[in-house]
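Observations on the three-dimensional arrangement
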Amino acid sequence: MKWEQDYVAQAAQRQRIVAGFNVFGYEDAQAVIRAAERADAPVLLMLNRDARAVMAIEHWAALLNSLAESSRVPVGIHLDHCTEIKTIIRAIDAGFTSVMFDGSHFPITENLKITQEVAQHAHKKNIFLEAELGTVPYSDIGETEINLTDPEEARKMQEQTQVDWLAVSVGNIHRLATRKVSIQFPVLQQIEDSCQLPLVIHGASGVKDEEISQLKKTRVGKMNFGTVLRKTFGDCLRSEMREKPDEFDRLRLFRDPVAQVEEQAFHIIHMLWQEEK
Ligand SMILES: [Zn+2]
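Residues numbered from 1 in each chain as written. Predicted model: local features only at pLDDT ≥ 70, side-chain atom pairs only at ≥ 80, totals over all residues.

Take the overall build of the chain next. Helices and strands together make up the secondary structure of the chain, namely 11 helices and eight strands. The C-alpha atoms of the chain give 18 Å as radius of gyration, which agrees with the globular expectation for 277 residues (19 Å, within 12%). If you line up the chain on its principal axes, its C-alpha atoms span 60 × 40 × 40 Å. Pairs at least 24 apart in sequence give 70% of the contacts found in the chain among residues at least 6 apart. (Helix = DSSP H or I, 4+ residues; strand = E, 2+ residues; numbered from the N terminus. Rg over C-alpha atoms; globule rule 2.2 N^0.38 Å. Contact = placed C-beta atoms within 7 Å.)

Further remarks concern the environment of Gln 30. With respect to the helices and strands, Gln 30 occurs in helix α2 (residues 26-39). Taking the C-alpha atoms as reference, Gln 30 lies 7.2 Å from Leu 67; in sequence the two are 37 residues apart.

Turning to α2, a few remarks are in order. Here α2 is 14 residues long and its end C-alpha atoms lie 20 Å apart, about the 20 Å a rise of 1.5 Å per residue gives. Those residues of α2 that sit buried are Asp 28, Ala 29, Ala 31, Val 32, Ile 33, Ala 35, Ala 36 and Ala 39. Looking at the buried side of α2, the elements it contacts are β1 (18-22), β2 (43-47), α4 (57-69), β3 (75-82), α10 (227-243) and α11 (250-273). Two residues or fewer after α2 comes Asp 40, characterised by a positive phi angle close to 55°. (Expected span 1.5 Å × (residues − 1). Buried ≥ 20, exposed ≤ 12 C-beta atoms within 10 Å, placed from the backbone.)

Interaxial distance between α2 and α4 falls to 11 Å at its minimum, and their mutual angle equals 25°. Classified by the interaxial angle, the pair formed by α2 and α4 is roughly parallel. Crossing hand, α2 versus α4: right-handed. On α4, the residues that touch Tyr 26, Ala 29, Gln 30 and Ile 33 of α2 are Leu 63, Leu 64 and Leu 67. Tallied by class, residues from the contact of α2 with α4 come to six nonpolar, one polar and no charged. (Axes fitted to C-alpha atoms, helices over the stretch in contact; angles between N-to-C directions. Parallel < 35°, antiparallel > 145°, perpendicular 65-115°, else oblique. Left-handed = near helix turned anticlockwise from the far one by under 90°. Nonpolar A, V, L, I, M, F, W, Y, C, P; charged D, E, K, R; others polar.)

In structure tokens form, the structure reads like this:
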């Protein structure tokens, strides 16, 4: 089913969160879609820089959109973190349903200006735009400094641009494989007080399950997961190869790792989408 409405904004208002997953091939894309169908929830397949480096976004768009169209739940195709307008326009033309312009490393005035330019391009084709304020560090390259989102800048983002979703830095960190961090809820509250946009949390693999239920009560409408599925796949593949040293067929080697990716994705989607009692 095609992703047509703003399910992220709807989720933000209804104490639910849409899960976005980085995917790297048809295997995990199909596993995530099957998981979303089981959970009866919309889902986003996201393309990060690493995936864009190995295959052109036009090929990704064709593959992922054709999988999305035959699904029973709305499946969106999202271009994650992108700083080049040229690439964003290619993604818009190729049929992505949402794109992220990440101007978080630009001065605020430039970030606002380019975000608004991209919003106009995107909205002409009914595509949703995500922007970012503050910076969410990458743990895998040793970044440690967290630059929290400034609530005042969030207010300006809402007033001066037509962006649809806003990624925030509230203690979250990208690519945490073995540890969890704590969301700074007072900072999130200040952002919500000055800006009504649906919010996005990146680095969700490092967010504790118990904080996810608390996040559902906030205006967060989307969370981005990457590491958790990559680790599930890699760990399982490693043990398959140890257990079956004579096996060389990738379809057979991938069977259990892909099944585990589906289970992990289902657990996450269900947790984010089910109604809190
Ligand atoms: Zn991110």
